[in-house]
Amino acid sequence: MNMNQSQLKQTAAAQRQVALRSAGHTRGGINRLVSPRDIGQLIKPFVFLDLFKLGANGSNMGMHPHSGIATVTVVLDGAVEYKETTGHQGILPAGGVEWMSAGGGVWHDGGAVPGQQVEGFQLWLALPEEDENGPAQSQYLAPQEVQSHGPARVIIGNYGDASSAIRPRASINYLHVTLADGERWTYTPPAGHDVAWVSVASGALQTAGTVVKREVAVFEEGEGAIDVVAQGATQFVLGSAPKHPHDLVTGYYSVHTSAAALAKGEKEIERIGTQLRAAKLM
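Report on the accompanying structure. What you are looking at is a predicted structure, and each value in this text was computed from that prediction instead of being measured.

In this section: the packing of aromatic side chains. Within this structure, the stated rule accounts for nine aromatic pairs. Look at Y252 and Y253: their rings are 4.8 Å apart centre to centre, the planes differ by 85°, and that puts the pair in the edge-to-face class. Assessed through its relative accessible area of 70%, Y252 is described here as exposed. You can call Y253 partly exposed: its relative accessible area is 31%. A connected cluster of aromatic rings, assembled from ring pairs, spans Y159, W185, Y187 and F236.

Moving on, we get to the pairing of strand β18 (residues 184-187). Judged by which residues are buried, β18 turns out to be one-sided: W185 and Y187 face inward and are buried, whereas R184 and T186, on the alternate face, are not. With four bridges joining them, β18 and strand β22 (residues 226-241) adopt antiparallel strand pairing. Along β22, the bridge assignment pairs T186 with D227.

Attention now goes to the environment of R21. Mapping R21 onto the fold places it in strand β1 (residues 18-22). When the C-alpha atoms of R21 and A263 are compared, they prove to be 33 Å apart, with 242 residues separating the residues in sequence. In contact with R21, other than residues within four places in its own chain, are T210, V211, E215, V216 and A217. Within the structure, R21 has its side chain in polar contact with the side chain of T210 (distance 2.5 Å). A distance of 2.9 Å separates polar atoms of two side chains, one belonging to R21 and the other to E215.

Moving on, we get to the pattern of salt bridges. This model, assessed by the stated rule, comprises eight salt bridges. Residue E215 pairs with R21 through a salt bridge whose shortest N-O separation is 2.9 Å. With E215 in the loop between β20 (210-212) and β21 (216-219) and R21 in strand β1, this residue pair connects regions lying 194 residues apart in the sequence. The class of E215 is buried, set by a relative accessible area of 10%. The salt bridge partner of K243 is E221, with a shortest N-O separation of 2.8 Å. Placement of K243 in the loop between β22 and β23 (249-250) and of E221 in the loop between β21 and β22 is noted, with a sequence separation of 22 residues between them. Exposure remark for K243: the relative accessible area of 29% places this residue in the partly exposed category.

About the cut-offs
Residues numbered from 1 in each chain as written. Predicted model: local features only at pLDDT ≥ 70, side-chain atom pairs only at ≥ 80, totals over all residues. Heavy atoms only, no water. Phe/Tyr/Trp six-rings, centres within 6.5 Å; stacked < 30°, edge-to-face > 60°. Buried < 20%, exposed > 50% of the residue type's maximum accessible area, 1.4 Å probe, protein only. Helix = DSSP H or I, 4+ residues; strand = E, 2+ residues; numbered from the N terminus. Pairing = 2+ DSSP bridges. Contact = heavy atoms within 4.5 Å. Polar contact = N/O pair within 3.5 Å; in protein donor to acceptor, adjacent residues only side chain to side chain. Salt bridge = Lys/Arg side-chain N within 4 Å of Asp/Glu carboxyl O.

Here it is in structure tokens:
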């Protein structure tokens, strides 16, 4: 065996293997791939993931609350109209990114701009104890504000010489990657990032001896590299992070680290909801 073959074998051995794949379940225009009560338990702090495609009739989610989590929306096509009780509202175009840290409680609404279809990913991140009942805050990035390294746009974290303007307390990488047919890409996670997954929106990825299409694939825990080859023009998101150290204590729209933190968040959600109903804003 020559040196090149040996190196290839060592590289293959170091690559992360796929531990689980799921196509999720679809209702309306939403494909729910990850929830806090299933795959979210394995890949926390990534506790929820939707791949959505909403129609041109201005369909939206309706005003609803959150606490204990941050929502991250990546718009792949079309535009999202949003409004939230932090005081922010507007339109997020294709390539734009939304970060909303619900903290101790927030209500928001979002959906397709009337007359347009919109497609994208929405992710929930479990917040650290220090932030799960803190002030709600949000940040919106225009497409040109999202830095890239090679084929990867850096939504959160750092990759190569690119970094995100969104800076959560926890160490998290969340990338939006576009590959041409046959293009190969290798992701080496930062030290300590033992959780990693990918979710494909279009095309397919060959990785670790399997082909991932419009689904989520969770890699085995560890810090090995992730090697993918595109089959067709392919768009996907990838997340990596140290595993969230707390149990997930869930409400209907909330995820916290303890029952006491959840109760506090739900109390604040109800207070804001009472104000919205009194003002006839919902």
